[in-house]
Amino acid sequence: MLIVTGATGRLGGLIVNRLLERIPAERIGVSVRDVSNAADLAERGVRVRAGDFTEPGSLKHAFEGAERVLVVSAAIRGGGASAANSAAIDAAREAGARRIVYTSHQAASPTSLFPPQRVHAATEEHLEQQGVPYTALRNGFYASALSHYLGPALESGTLAVPQDGLVSWTAHEDLAEAAAVALTEDGALEGITPPLTAPRTLDFADVADIISRITGRTVTRVVMDDDEWTAAAVAAGMPRPAAEFTLTMFAASRRGEFNVTDPALEAIIGRPAKTVHEVLEAVVRSR
């Protein structure tokens, strides 16, 4: 049985859908905090069990019978994230999984300015120590994150954010396909993967141009001072810790941490990766 954690999140849900296209539902299990949120999967024949990274005791039952386990990185900020990811990896090993797959990030590094990358680096190190075949999917930066800036940009006509750098924004759909390959095809992805990215890097000036082309409205890129942007974000209702966390992404991008592309993703999925234009066009259509 293939076990997917975090199946009610965007990436986890897409991965399960890709698996259902490849293998029978009875070979797929999911581990979720609240089983009621995965009722649709249960109706499709997927085994649904409760499991919480922060309650490791719950994972023994959730991972029972696992041949391969996909650990979708915990959506937790702070020191608890590494512990939660490690608990899931330990539970997968103890359940007898013959391969553990983890959703890491292209910029995983103990010295990153963006805290999640330090968590990914620590988790990769823990994964390597388990003595079990593994895959650490070094996913490109999720292009869906750009949707958070779309509304304000359309309302004001400006994309006003701190100084940034080039980022290889990558679609969830493509990364989900790569994860499904890692879970179902022997030898396809081993160990720490190359960066799994779209083929082009963009900065926010490029993003503003794309939004302009999609909507037919001029959106201008405006560079804000870090402190000015943080104050404005908090004034608009963003909690200060969240604003300060977001600012670290800009700091890391302008240091070049996300300015990496690799052909590995397109080779694995066997088609061109989705572009930022395609991703944002879908968001605009859904508004």
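These numbers were taken from a predicted model, which means no experiment stands behind them.

The rules we used
- Residues numbered from 1 in each chain as written.
- Predicted model: local features only at pLDDT ≥ 70, side-chain atom pairs only at ≥ 80, totals over all residues.
- Heavy atoms only, no water.
- Helix = DSSP H or I, 4+ residues; strand = E, 2+ residues; numbered from the N terminus.
- Polar contact = N/O pair within 3.5 Å; in protein donor to acceptor, adjacent residues only side chain to side chain.
- Contact = heavy atoms within 4.5 Å.
- Core = buried A, V, L, I, M, F, W, Y, C linked by side-chain atoms within 4.5 Å.
- Buried < 20%, exposed > 50% of the residue type's maximum accessible area, 1.4 Å probe, protein only.
- Salt bridge = Lys/Arg side-chain N within 4 Å of Asp/Glu carboxyl O.
- pLDDT = per-residue confidence, 0-100.
- Phe/Tyr/Trp six-rings, centres within 6.5 Å; stacked < 30°, edge-to-face > 60°.
- Right-handed = clockwise from strand over helix to strand, strands pointing away.
- Pairing = 2+ DSSP bridges.

Novice: So what's going on with the side chain of Thr 197? Which residues, and what values?
Specialist: Within the secondary structure layout, Thr 197 lies in the loop between strand E8 (191–192) and helix H8 (204–215). At a separation of 3.1 Å, a polar atom in the side chain of Thr 197 contacts the main-chain amide nitrogen of Asp 262. Discounting chain neighbours no more than four positions away, the residues touching Thr 197 are Gln 106, Gly 140, Ser 168, Thr 170, Val 260, Thr 261, Asp 262 and Leu 265.

Novice: Lay out the nonpolar core in plain terms, naming residues and giving numbers.
Specialist: Membership of the largest hydrophobic core comes to 36 residues, with the highest contact counts inside it found for Ile 15 and Val 30. Apart from the residues lying within four places of it in its own chain, the contact partners of Val 30 are Val 4, Ala 7, Val 16, Leu 41, Val 46, Arg 47, Val 48 and Arg 49. In this structure, Ala 143, Val 161, Ala 171 and Ile 210 belong to the second largest nonpolar core, which totals 35 residues.

Novice: I'd like to hear about the pattern of salt bridges, residue by residue, with values.
Specialist: A side chain of one charge can pair with a side chain of the opposite charge if their charged atoms are brought near each other. Counted under the stated rule, the structure contains 17 salt bridges. A salt bridge links Arg 22 to Glu 177; its shortest N-O distance comes to 2.8 Å. Here Arg 22 is found in the loop between helix H1 (10–20) and strand E2 (28–32), whereas its partner Glu 177 is found in helix H7 (residues 172–184), with 155 residues between them in sequence. Between Glu 124 and Arg 138 there is a salt bridge whose closest N-O contact spans 2.7 Å. Of the two residues, Glu 124 sits in helix H5 (residues 115–128) while Arg 138 sits in strand E6 (residues 134–139), which places them 14 residues apart along the sequence. Taken as a pair, Glu 124 and Arg 138 share a single burial class, namely buried. Taken together, the salt bridges that share partners define one network made up of Arg 18, Arg 22, Glu 177 and Glu 185.

Novice: With reference to specific residues and values, describe the confidence of the model for the chain.
Specialist: Mean pLDDT over the chain: 95, with 100% of residues reaching 70 or higher. The element-level mean pLDDT for the chain is lowest in helix H6 (residues 147–156), coming to 92, with E6 highest at 98.

Novice: With reference to specific residues and values, describe the packing of aromatic side chains.
Specialist: With the rule as written, the count across this model stands at 10 aromatic pairs. Here a set of aromatic residues connected by ring pairs shows up, and it is made of Phe 114, Phe 141, Tyr 149, Trp 169, Phe 204, Trp 229, Phe 245, Phe 250 and Phe 258.

Novice: Describe the pairing of strand E1 (residues 2–5), and please don't skip the residues or the numbers.
Specialist: The side-chain alternation of E1 yields two buried faces, one formed by Leu 2 and Val 4 and the other by Ile 3 and Thr 5. For the handedness criterion, the β-α-β arrangement of E1, H1 and E2 is classed as right-handed. Where E1 and strand E4 (residues 68–71) come together, 3 bridges link them in parallel fashion. Across the sheet, residue Leu 2 finds its bridge partner in E4, namely Arg 68.

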